[in-house]
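Below, each chain spelled out in residue letters.
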Amino acid sequence: MEYNTTKQPLILPEYGRNVQMMADYLLTIDDRERRTEAAKELVSIMVNMNPAVRETKDYRQKMWNFLAEMCEYKLDVDFPFPITKVTDLPKPERLQYNLNDIRFRHYGYTVERMIKAAVELPEGEEKDVLVRMIANNMKRNYVLWNQKSVTDEIIAGDLLRLSQGRLSLPEDVKLMNVSVQGGGMMGMQKRNNFKKKNNNNNQGKKNNNRNNNNNNKKPM
């Protein structure tokens, strides 16, 4: 028995071992015309394996580039397009990751930006409404990402710290009631696993019932 781990690594794993074997076979065809026709057929197979590639601009040229790469640029055929080697392509620019320092990650960066905006507002009804909205959002996020409920006092304390003492909730303000459903995000994953298991059990019962019905049928 052969395992993929003992075979030559695939140059483009997304096309699989069979396509790589066909690409290798092209190099063994002596007649250039037959080799070119076989290469065209292989490119068509590669396109059919991934029909969505047709929506890409210049997709056929990309397929021919892929084929040349799988043949390690040793394929001598009449290419319909100029072949671009991977080593000749410019390196992509390095993505800049978000390096914002979030003090309370379960609240998120958006909440901190909202708090900064609320701090800049003048005192009045608009600011009070925004502060209560921020506090309710903080409570919702807290319950969503943690596996326990939270009191209004904890939210008020975190709001005070995040605003550096410039935003506070009145003592008589009652935040919305947020219940813990299934233990936050971990509970959501458990519910999804339970649904999958339940569906598998139900499917098994249906198959057993179908088999029993077939066994109970009298021969004609």
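As a reminder, the structure under discussion sits directly above these lines.
Described in the following lines is the structure provided in the data block.

Conventions and cut-offs
Residues numbered from 1 in each chain as written. Predicted model: local features only at pLDDT ≥ 70, side-chain atom pairs only at ≥ 80, totals over all residues. Heavy atoms only, no water. Phe/Tyr/Trp six-rings, centres within 6.5 Å; stacked < 30°, edge-to-face > 60°. Helix = DSSP H or I, 4+ residues; strand = E, 2+ residues; numbered from the N terminus. Buried < 20%, exposed > 50% of the residue type's maximum accessible area, 1.4 Å probe, protein only. Lys NZ or Arg CZ within 6 Å of the ring centre and 35° of its normal. Salt bridge = Lys/Arg side-chain N within 4 Å of Asp/Glu carboxyl O.

## What to know about the packing of aromatic side chains
1) Next: Per the stated rule, a full pass over the model turns up four aromatic pairs.
2) Next: On the basis of an interplanar angle of 50° and a centroid distance of 6.1 Å, the ring pair of Tyr 15 and Phe 66 is categorised as tilted. With Tyr 15 in the segment before helix H1 (16–26) and Phe 66 in helix H3 (residues 59–70), the pair connects residues that are 51 residues apart, well separated along the chain.
3) Next: Ring geometry for Phe 104 and Tyr 107: centres 5.8 Å apart, planes at 50°, overall tilted. The same class applies to Phe 104 and to Tyr 107, which are both buried.
4) Next: Seen from the ring of Tyr 73, Lys 85 lies directly overhead, with NZ or CZ sitting 5.5 Å from the centre.

## A short note on the pattern of salt bridges
1) Next: Taken as a whole and judged by the stated rule, the model has eight salt bridges.
2) Next: Across the salt bridge formed by Lys 139 and Asp 152, the nearest N and O atoms sit 2.8 Å from each other. Residue Lys 139 is located in helix H5 (residues 125–145), and its partner Asp 152 is located in helix H6 (residues 152–162); the two are separated by 13 residues in the primary sequence. The two residues Lys 139 and Asp 152 agree in class, both being buried.
3) Next: Of the charged contacts in the structure, one is a salt bridge between Arg 161 and Asp 158, with a shortest N-O distance of 2.4 Å. With Arg 161 and Asp 158 both in helix H6 and three residues apart, the pair spans about one turn of that helix.

Taken by themselves, the reported measurements are silent on function.
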